[in-house]
2 protein chains.
Amino acid sequence: MSENKRPSTIKLTLEYNGSGFSGWQEQPGLRTIQGELHRVLKTILREPALELTASGRTDSGVHALGQVVSFKTFADPEIFEKIPYGVTSLLRGEVSVLGMQLMPPDFNARFSKHLKQYSYRIFRRRAAPILEKDFVWHVPKTLDLTRMQEATLEVLGQHDFTSLRSSDCVANNPIRTVDHAELVESGNEIVFRIVARGFLKQMVRNIVGTIVGIGTGKIALSMKDVIAAKDRAKAGMTAPARGLTLDWVRYETDIDEEKVHGAKRIFHHELLTTS
Amino acid sequence: MSENKRPSTIKLTLEYNGSGFSGWQEQPGLRTIQGELHRVLKTILREPALELTASGRTDSGVHALGQVVSFKTFADPEIFEKIPYGVTSLLRGEVSVLGMQLMPPDFNARFSKHLKQYSYRIFRRRAAPILEKDFVWHVPKTLDLTRMQEATLEVLGQHDFTSLRSSDCVANNPIRTVDHAELVESGNEIVFRIVARGFLKQMVRNIVGTIVGIGTGKIALSMKDVIAAKDRAKAGMTAPARGLTLDWVRYETDIDEEKVHGAKRIFHHELLTTS
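On a predicted model such as this, the values are computed, not experimentally measured, just so you know. (Residues numbered from 1 in each chain as written. Chains lettered and ligands numbered in written order. Predicted model: local features only at pLDDT ≥ 70, side-chain atom pairs only at ≥ 80, totals over all residues. Heavy atoms only, no water.)

## Quick look at the overall build of chain A
Here is step 1: Across its full length, chain A holds seven helices and ten strands.
Here is step 2: For chain A, whose C-alpha radius of gyration is 20 Å, the value lies close to the compact-globule estimate of 19 Å for 275 residues.
Here is step 3: By principal-axis analysis of the C-alpha atoms, chain A measures approximately 65 × 40 × 40 Å.
Here is step 4: Residues classed as buried in chain A amount to 55% of the 275 residues present.
Here is step 5: Contacts spanning at least 24 positions in sequence make up 70% of the contacts within chain A whose residues lie at least 6 apart.
Here is step 6: Of note, chain A has its 37 positive side-chain charges centred 4 Å away from the centre of its 32 negative side-chain charges. (Helix = DSSP H or I, 4+ residues; strand = E, 2+ residues; numbered from the N terminus. Rg over C-alpha atoms; globule rule 2.2 N^0.38 Å. Buried < 20%, exposed > 50% of the residue type's maximum accessible area, 1.4 Å probe, protein only. Contact = heavy atoms within 4.5 Å. Lys, Arg positive; Asp, Glu negative; His and termini not counted. Charge placed at Lys NZ, Arg CZ, Asp CG, Glu CD.)

## Let's talk about the environment of Glu-94 of chain B
Here is step 1: Tracing the backbone through its elements, the reader meets Glu-94 of chain B in the loop between helix 3 (83-90) and strand 4 (95-103).
Here is step 2: Each C-alpha atom, one on Glu-94 of chain B and one on Ile-33 of chain B, is 9.3 Å from the other, the two residues being 61 residues apart in sequence.
Here is step 3: With sequence-adjacent residues up to four places away left out, Glu-94 of chain B is seen in contact with Ile-130 of chain A together with Glu-15, Tyr-16, Asn-17, Gly-20, Phe-21 and Arg-31 of chain B.

## Here we look at the pairing of strand 5 (residues 114-123) of chain B
Residue and element names in this part refer to chain B.
Here is step 1: The element strand 5 is extensively covered by neighbouring structure, given that nine of its ten residues are classed as buried.
Here is step 2: Pairing of strand 5 with strand 10 (residues 244-251) involves seven bridges; the strand directions are antiparallel. Within strand 10, the residue paired with Ser-119 across the bridge is Thr-245.
Here is step 3: Examined bridge by bridge, strand 5 and strand 9 (residues 189-196) share eight bridges and lie antiparallel to one another. Counterpart to Tyr-120 in the pairing with strand 9 is Phe-192.
Here is step 4: As paired elements, strand 5 and strand 6 (residues 137-138) share two bridges and run parallel to each other. (Pairing = 2+ DSSP bridges.)

## Quick word on unusual backbone geometry
Leaving glycine aside, a negative phi is the common case for residues, and trans is the common case for peptide bonds.
Residue and element names in this part refer to chain B.
Here is step 1: The backbone phi angle of Arg-46 is positive, close to 55 degrees, even though this residue is not glycine.
Here is step 2: Of note, Lys-230 is a non-glycine position whose phi angle comes to about 45 degrees, a positive value.
Here is step 3: Inspection of the secondary structure assignment puts Lys-230 in the loop between helix 6 (223-229) and strand 10.
Here is step 4: Residue Lys-230 is classed as partly exposed on the basis of its relative accessible area, which comes to 49%.

## A closer look at the packing of aromatic side chains
Here is step 1: Taken as a whole and assessed by the stated rule, the structure comprises six aromatic pairs over all chains.
Here is step 2: Seen from their ring centres, Tyr-118 of chain A and Phe-199 of chain A are 5.2 Å apart, and the 85 degrees between their planes marks the pair as edge-to-face. Pair noted here: Tyr-118 of chain A is in strand 5 (residues 114-123) and Phe-199 of chain A is in the loop between strand 9 (189-196) and helix 5 (203-216), with a separation of 81 residues, a long-range link. Neither Tyr-118 of chain A nor Phe-199 of chain A differs from the other in exposure class; each is buried.
Here is step 3: With a centroid separation of 6.3 Å and 90 degrees between ring planes, the pair formed by Tyr-120 of chain B and Trp-137 of chain B is classed as edge-to-face. Taken together, the positions of Tyr-120 of chain B in strand 5 and Trp-137 of chain B in strand 6 put the pair 17 residues apart, joining distant regions of the chain. Here Tyr-120 of chain B and Trp-137 of chain B have matching classes, each one buried.
Here is step 4: The ring of Trp-248 of chain A carries the charged tip of Arg-250 of chain A above its face, separated from the ring centre by 3.6 Å. (Phe/Tyr/Trp six-rings, centres within 6.5 Å; stacked < 30°, edge-to-face > 60°. Lys NZ or Arg CZ within 6 Å of the ring centre and 35° of its normal.)

## Section: the side chain of Asp-247 of chain A
All names here are of chain A.
Here is step 1: Looking at the element boundaries, Asp-247 is found in strand 10 (residues 244-251).
Here is step 2: Buried and unpaired, Asp-247 has no salt bridge, with Arg-193 as the nearest side chain of opposite charge at 4.8 Å.
Here is step 3: Beyond its immediate stretch of four places on either side in the chain, Asp-247 contacts Leu-65, Gly-66, Gln-117, Tyr-118 and Ser-119. (Salt bridge = Lys/Arg side-chain N within 4 Å of Asp/Glu carboxyl O.)

## Here's the deal with the packing of helix 4 (residues 145-153) of chain A against helix 5 of chain A
Residue and element names in this part refer to chain A.
Here is step 1: Direction vectors running N to C along helix 4 and helix 5 enclose 150 degrees, while the axes themselves pass 8 Å from each other. Our classification of the angle between helix 4 and helix 5 gives roughly antiparallel. Our pair here, helix 4 against helix 5, has a crossing hand that is right-handed. Residues Arg-147, Met-148, Ala-151 and Thr-152 of helix 4 form the contact with helix 5, whose participating residues are Ile-211, Val-212, Ile-214 and Gly-215.
Here is step 2: Considering only residue class, the contact of helix 4 with helix 5 consists of five nonpolar, two polar and one charged. (Axes fitted to C-alpha atoms, helices over the stretch in contact; angles between N-to-C directions. Parallel < 35°, antiparallel > 145°, perpendicular 65-115°, else oblique. Left-handed = near helix turned anticlockwise from the far one by under 90°. Nonpolar A, V, L, I, M, F, W, Y, C, P; charged D, E, K, R; others polar.)

## What to know about helix 1 (residues 33-45) of chain A
All names here are of chain A.
Here is step 1: Under the 1.5 Å per step criterion, the end-to-end length of helix 1 is 18 Å for 13 residues, consistent within 8% with the ideal 18 Å.
Here is step 2: A large share of helix 1 lies buried, amounting to ten of its 13 residues.
Here is step 3: Those residues of helix 1 that fall on the buried side of the exposure criterion are Ile-33, Gln-34, Gly-35, Glu-36, Leu-37, His-38, Val-40, Leu-41, Ile-44 and Leu-45.
Here is step 4: Buried residues along helix 1 sit against strand 1 (8-16), strand 3 (63-73), helix 2 (77-80) and helix 3 (83-90).
Here is step 5: The backbone nitrogen of Gly-35 lies 2.9 Å from a side-chain oxygen of the residue at the head of helix 1, namely Thr-32.
Here is step 6: Positive phi shows up at Arg-46, right after helix 1, with a value of about 50 degrees. (Expected span 1.5 Å × (residues − 1). Polar contact = N/O pair within 3.5 Å; in protein donor to acceptor, adjacent residues only side chain to side chain.)

## Notes on the pattern of salt bridges
Here is step 1: Taken as a whole, this structure holds 25 salt bridges over all chains when the rule is applied.
Here is step 2: Ionic pairing is found between Glu-189 of chain A and Arg-121 of chain A, a salt bridge with its closest N-O pair at 2.8 Å. Here Glu-189 of chain A is found in strand 9, whereas its partner Arg-121 of chain A is found in strand 5, with 68 residues between them in sequence.
Here is step 3: The salt bridge involving Arg-193 of chain B is made with Glu-182 of chain B; its shortest N-O contact spans 2.6 Å. Remark: Glu-182 of chain B occurs in strand 8 (residues 175-186) and Arg-193 of chain B occurs in strand 9; sequence separation between them is eleven residues.

## Topic: the pairing of strand 1 (residues 8-16) of chain B
Residue and element names in this part refer to chain B.
Here is step 1: Of all nine residues that make up strand 1, nine are buried, and the element is covered over most of its length.
Here is step 2: With eight bridges joining them, strand 1 and strand 3 (residues 63-73) adopt antiparallel strand pairing. Residue Leu-12 lies in a different strand from strand 3, and its bridge partner there is Val-69.
Here is step 3: Alignment of strand 1 against strand 4, held across eight bridges, turns out to be antiparallel. Bridge pairing in strand 4 places Thr-13 opposite Gly-99.

Structure (structure tokens):
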């Protein structure tokens, strides 16, 4: 490691099971994804400290099929190839590295422009789920799918999402733009998917709670009216974390989708030249 | 409970996660599905002992989306309706009762004529699975799908499956008839499905191990030749239990499929009149 060397910027794409973690963000005394990842990366790269940035913080219990994390390291690039297997084996069964790329120095998982998709799985069957229990919200009620579909379409576009963010959300600007939203039936489940550049705190879980409230009839307002009210009390409950998964994050710098999705080619570990 | 009363015959359809159990069969000192189910049913029905029969014994670690179990009870039929919620809550997160039916006295989950389907999930992506890890076999190798498809079709029909049963299988007759077999790609997975009236010990896991061995090139013989050899040593390894799920069991006496599948109507608990 030469002293004048500039750091390398690394991007990791991760799958994780949120069940055993207190969310993404490192916190003293709690087992978090950032904390565990930090611990094992310091060991692998033999660095005293790293600053890990995720595309966004996932709440306690929320899963990821394609979270993106970036950090800078002065470690020798020859060590980099140990990262995917090192992280996957040190956090066995809980975190898996789907891809790794060397990025231009200005890349930052949070601040580089991107789109991301979350999905939320609602399990409808009356009998409790077993095999899928950690990944779904069990809603054994009669649901009005037509009203739920309408509510889903009404979150599309640019809105002030004050009604649908956590009451302790600290973002200055409550306006967000939803690029895609859909609600599809799949076997015993109803799956909600939403794509945007950014989300407010607990926004997806509050949207799902409201859609389900509209589906059961507990909420008489339309989603449009809930949003227009700019009042958290008009919306539904916060849907449980375990049903939520961060599916993917796509950056403007991405060359092709396979690099984001953990498909076959992602493990080629093509290291882009830093300009 | 009148002394002259004849017992009722009950059929339960169950979903379970095999991960925490040493298989179906009750055994001293081991936590088994039959053992746990026996324990909670005795409590619910207030009977000293029950004889529980499954359509077939699942191995340690094998899951079920629709196992069928039958037993006879002298308990008051008014207690029966407590069974689904009682079992599901006492074995929370591990066993769920999808359906319950009162059956004619000659019904027996094992001996009444039926077909059953198993599925086996092979996870192909190079990076280790996380969300699906308890339900798949991770095979991060290049697989020749064409040869695997051929092998799958060659198990169809009536054969002496000596090559593909466990060496300690005690069945007198090694001949079984496979009514349906398929191998389909689905995202990161290859899913194998097989339907038959009955299977030999570890037959499905040995078939899958052999299909994968053929796919990687480790086994040069065709499935047809493996079967013709009547020699366990010619076949592949026993695929891990966690990838295997008993999907459903259908009896000749079933009125409609929904009763087997845990779909909406299954919880109506229609009690058939015993003739």
